[in-house]
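Here are the chains, one letter per residue:
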Amino acid sequence: EAPGPLRGWRALVTSGPTHEPIDPVRYIANRSSGKQGHAIAGALARLGASVTLVSGPTREPDPDGVAMVHVESARDMLAACQDALPVDVAVCAAAVADWRVRAMSSQKLKKEGGQLPALELAENPDILATLSRPGRMRPGLVVGFAAETEKVVAHARAKLARKGCDWIVANDVSPSSGTFGGTSNTVHLLRGDTLEDWPPLSKEEVAQRLAAAIADHLVGTGAE
Ligand code: C5P
């Protein structure tokens, strides 16, 4: 643990995509680099927090000073998150696949034979909503992400209510925002009813600002 305002505080971060197996060689996934989630985990660790980073498969190096848990599927990600509890703050930045294949084939599906495979899907658990449920193990602060292309703030407000989390980082991914494929990220931080518009920032800067806001909320550092 680094010395810092979050020394002694525990954080959980999810990052990256999940991979949902179709058969031993194929999977369903979301596109996600894991850059934002990994940067948040690193920023919280630099402020002194004990960080568990639960990540799906990414090309990102493990951030310094965090306890890594590498997972593949949404169900594994949820189990790893629950194993990491209790924590003071959870930040769900992973791009979790909404569906998995109901019954994974234990053998590679063959294209010979003329018949197309039919994939029956099942709904994956919502990790953010599950962690946000009231109860003894609920983190004191639960932060989710919302990537929107339009009505960014209205959709983020609805998502905050639906998921039961405390804060939403709403990400403007409309073509005009330049977020996709670009280095800068235009986000709005919604804390309950309070909305803050952030200027275009790098993912690293978004992570630092979010970590500072979390530290300020938990320990009142005034560092924001
Ligand atoms: O519902 P939607 O995917 O737009 O919500 C995004 C937020 O919910 C992100 O914080 C994401 O990490 C989280 N999420 C989750 N588990 C899911 C789906 C989304 O934790 N199955």
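Residues numbered from 1 in each chain as written. Predicted model: local features only at pLDDT ≥ 70, side-chain atom pairs only at ≥ 80, totals over all residues. Heavy atoms only, no water.

Enquirer: Is there a simple way to explain the site of the ligand in this structure?
Expert: Close to the ligand lie Cys 92, Ala 94, Val 96, Pro 125, Asp 126, Ile 127, Leu 128, Gly 144, Phe 145, Lys 159 and Lys 163. For the ligand, a nitrogen atom lies 3.0 Å from a polar atom in the backbone of Ile 127. Between the ligand and the protein, one listed contact pairs an oxygen atom with a side-chain N or O atom of Lys 163 at 2.9 Å. Bound to the protein, the ligand loses 82% of the 450 Å² it would expose on its own. Those elements that provide at least two residues to the shell around the ligand are helix H3 (127-132), strand E9 (141-148) and helix H4 (152-163). Broken down by class, the residue content of the shell around the ligand amounts to 7 nonpolar, 1 polar and 3 charged. (Near = heavy atom within 4 Å. Polar contact = N/O pair within 3.5 Å; in protein donor to acceptor, adjacent residues only side chain to side chain. Areas by Shrake-Rupley, 256 points an atom, 1.4 Å probe, with all protein chains shown as cover. Helix = DSSP H or I, 4+ residues; strand = E, 2+ residues; numbered from the N terminus. Nonpolar A, V, L, I, M, F, W, Y, C, P; charged D, E, K, R; others polar.)

Enquirer: Could you clarify how one ought to interpret the side chain of Ser 15 in this entry?
Expert: The topology assignment puts Ser 15 in strand E1 (residues 10-15). Since its relative accessible area comes to 0%, Ser 15 is described here as buried. Residues contacting Ser 15, with those up to four places away along its chain left out, are Gly 34, Gly 37, His 38, Leu 53, Val 54, Ser 55, Gly 56, Met 77, Ala 93 and Ala 94. (Buried < 20%, exposed > 50% of the residue type's maximum accessible area, 1.4 Å probe, protein only. Contact = heavy atoms within 4.5 Å.)

Enquirer: Before we go on, may I ask you to explain the packing of aromatic side chains in this structure?
Expert: Note on aromatic pairs: each is described by the distance of the centres and the angle between the planes. A full pass over the atoms with the stated rule returns 0 aromatic pairs. When the ring centre of Trp 198 is taken as origin, the NZ or CZ atom of Arg 209, which lies over that ring, is 4.8 Å away. (Phe/Tyr/Trp six-rings, centres within 6.5 Å; stacked < 30°, edge-to-face > 60°. Lys NZ or Arg CZ within 6 Å of the ring centre and 35° of its normal.)

Enquirer: I tried to follow the nonpolar core on my own but got confused; where do I start?
Expert: Leu 44, Val 51, Val 91, Leu 210 and Ile 214 are the most contacted members of the largest nonpolar core, which has 33 residues in total. Elements with a contribution of two residues or more to this core: E1, helix H1 (35-46), strand E4 (50-55), strand E6 (89-92), E9, strand E10 (167-172), strand E12 (187-191) and helix H5 (203-219). For this core, the element with the highest residue contribution is H5, accounting for 8 residues. Filtering out sequence-adjacent residues up to four positions away, Val 51 remains in contact with Ala 11, Val 13, Ala 41, Leu 44, Ala 45, Val 66 and Ala 67. Among the nonpolar cores identified, the runner-up in size contains 27 residues, and Val 54, Ala 80, Leu 131 and Val 152 belong to it. (Core = buried A, V, L, I, M, F, W, Y, C linked by side-chain atoms within 4.5 Å.)

Enquirer: Even after reading the chapter, I still don't get the state of the cysteines, so can you show me in this structure?
Expert: Simply put, disulfide is the name for a covalent bond between the sulfur atoms of two cysteines. Counting across every chain of the model gives 0 disulfides. Unpaired in this structure, Cys 81 has its nearest cysteine sulfur neighbour in Cys 92, at a distance of 6.2 Å. Here Cys 92 falls in the buried class, since its relative accessible area comes to 9%. (Disulfide = S-S within 2.5 Å.)

Enquirer: Would you take a moment to explain the pairing of E1 for this structure?
Expert: For a regular strand, side-chain orientation follows a simple rule: the groups alternate between the two sheet faces. Within E1, 5 of the 6 residues are buried, which leaves it mostly tucked inside the rest of the structure. In the sheet, E1 pairs with E4 via 6 bridges, with the strands oriented parallel. Within the sheet, the bridge partner assigned to Val 13 lies in E4 and is Leu 53. One ladder, built from 4 bridges, connects E1 with E6; its direction is parallel. The residue bridging Leu 12 from the neighbouring strand is Ala 90, located in E6. (Pairing = 2+ DSSP bridges.)

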